[in-house]
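Descriptive structure summary
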Amino acid sequence: MSSPKKYSWILVLCTAALAVLVFFEPSYGGRFRNWLAARDVISADDPSLPAENQALQAQLAELLAVKAQVPQDPGSSVPAMVYSSYPFGFKNGLTVDAGSGEGVATGSAVTFQGIFIGTVQQVFPDAATVQTVFDPAFKLPVRIGPDGIDGLLVGGAYPKIGSIAKGAPVAAGDIVYAAAPGMPYGLPVADVNATGTSADNLFQEASLEFAYSINDAQAVLIIRE
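These numbers come from a predicted model, not from an experiment.

Some points on unusual backbone geometry
Unlike most non-glycine residues, Gln 113 shows phi in positive territory, near 55 degrees. Tracing the chain through its elements places Gln 113 in the loop between β3 (109-112) and β4 (115-123). Judged by its relative accessible area of 43%, Gln 113 falls in the partly exposed class. Non-glycine residue Ser 163 carries a positive phi angle of around 60 degrees. Position of Ser 163 relative to the elements: it lies in strand β8 (residues 160-165).

A closer look at the sheet that holds strand β11 (residues 203-209)
The 6 strands are arranged β6-β7-β8-β11-β10-β9 in a closed barrel whose pairing can be described as antiparallel. Strand after strand, the sheet turns through a mean of 40 degrees between neighbouring axes, direction not considered. Bridge count for strand β6 (residues 139-144) against strand β9 (residues 175-178) is 3 bridges, and the pairing is antiparallel. Within β9, the residue paired with Arg 143 across the bridge is Tyr 177.

A few points about the side chain of Asp 135
Relative to the helices and strands, Asp 135 resides in the loop between β5 (128-132) and β6. For the buried Asp 135, no salt bridge exists, and the shortest N-O distance to an oppositely charged side chain is 8.7 Å, to Lys 139. A polar contact of 2.8 Å, which involves the side chain of Asp 135, links it to the backbone nitrogen of Ala 137. Those residues in contact with Asp 135, other than ones at most four positions away along the chain, are Asn 92, Gly 155 and Gly 156.

Topic: the packing of aromatic side chains
In the structure shown here, the tally under the stated rule is 6 aromatic pairs. Between Phe 116 and Phe 138 the ring centres are 6.1 Å apart and the planes differ by 45 degrees, which places this aromatic pair in the tilted class. Of this pair, Phe 116 sits in strand β4 while Phe 138 sits in the loop between β5 and β6, placing them 22 residues apart in sequence. Taking the relative accessible area as the measure of exposure, Phe 138 reaches 2% and is therefore buried. When the ring of Phe 210 is compared with that of Tyr 212, the centres are 5.8 Å apart and the planes differ by 75 degrees; the resulting orientation is edge-to-face. Accessibility assignment for this pair places Phe 210 and Tyr 212 in one class, buried.

Section: the environment of Val 189
Relative to the elements of secondary structure, Val 189 occurs in strand β10 (residues 188-197). On the accessibility criterion, Val 189 (2% relative accessible area) is buried. Taking C-alpha positions, Val 189 is 7.0 Å from Ile 117, a pair spaced 72 residues apart along the chain. For Val 189, the contacting residues outside a window of four places in its chain are Ile 115, Phe 116, Leu 153, Val 176, Tyr 177, Ala 178, Phe 210 and Tyr 212.

Remarks on the pattern of salt bridges
Side chains carrying opposite charge are able to pair once their charged atoms draw close together. Counted according to the given criterion, the structure contains 2 salt bridges. Note that Asp 150 is salt-bridged to Arg 143, the shortest N-O span being 2.8 Å. Owing to a relative accessible area of 29%, Arg 143 belongs among the partly exposed residues under this scheme. The partner of Lys 160 in a salt bridge is Glu 205, with the nearest N and O atoms 3.5 Å apart. Taken together, the residues Lys 160 in strand β8 and Glu 205 in strand β11 connect sequence positions 45 residues apart. Relative accessible area serves as the criterion here: at 34%, Lys 160 is assigned to the partly exposed category. Take Glu 205: its relative accessible area is 24%, and that puts it in the partly exposed class.

The rules we used
Along each chain, residue indices are assigned from 1 in the same order as the chain's sequence is written. Side-chain atom pairs in this predicted model are given and counted only at pLDDT of 80 or more, local residue features only at pLDDT of at least 70, and totals for whole chains, interfaces and linings cover all residues. Only hydrogens and water are set aside when side-chain values are computed; all heavy atoms of the structure are taken into account. Here a helix means four or more residues in a row that DSSP labels H or I, a strand means two or more in a row labelled E, and each is numbered from the N terminus. In this scheme, a residue with accessible area under 20% of its type's maximum is buried, one over 50% is exposed, and one in between is partly exposed, where area comes from a 1.4 Å probe on protein chains only. Strands were regarded as paired on the criterion that DSSP finds at least two bridges between them. Whenever a helix is involved, its axis is fitted only over the stretch in contact; in every case the axis is a line through C-alpha atoms, and angles between N-to-C directions fall within 0 to 180 degrees. Residues scored as charged are limited to Lys and Arg (positive) and Asp and Glu (negative), so that His and the chain ends carry no count. One side-chain nitrogen of Lys or Arg within 4 Å of one carboxyl oxygen of Asp or Glu is enough to make a salt bridge. Identification of polar contacts relies on pairs of N or O atoms within 3.5 Å, with a donor-acceptor requirement for protein atoms, meaning one able to donate a hydrogen and the other able to accept it, and with residues adjacent in sequence counted only if both atoms are side-chain atoms. Residue contacts are defined here by distance: any two heavy atoms, one from each residue, within 4.5 Å place the two residues in contact. A pair of Phe, Tyr and Trp rings is counted when the ring centres sit within 6.5 Å of each other, with Trp represented by its six-membered ring. The angle between the planes then sorts it: under 30 degrees is stacked, over 60 is edge-to-face, the rest tilted.

In structure tokens:
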């Protein structure tokens, strides 16, 4: 069995050799110091396994949301993630994580699951705000049904179509689609739920049925013209 005294001499000799390298051979000493520094950096930056697992889970959740909500062939469109507004649940506007750096421009049409939901209102380098059809200030020329009846989409908590010619053949179930200049023609908006007469008795009006809930939107497409 080796004695404690023998181990002490070995430690002394190793320390002396290291001192010679550091002080009389600067290149070797520098390499040794760099090696120690590198180990310290790796130790400080290396994430723990639980932290790395959480990061991977967040990336996977984001990818699944995009895959589920964004069409597979976006073409010239820009996919964007929607920032959460929970617990407020604002329906009149969204904030997304794509901006001028990705080619997003004011007035661009925005779709969710292939359905028109609004237009880009403000653009920043890495983000943009979207005015949705649920904003009371939102208006959009549309057409209705197989005959392409003209109407005006008026936003709000319960959007409706106004300014429909009184005798026009509009019925429940007719599709409403975008027909505004400056955006792709024919983007679906909603279905007609029911029709009635405007308060001034001059036009028809139509209530709408939407195939989505705006609060479920986590990923959208911004269409570049």
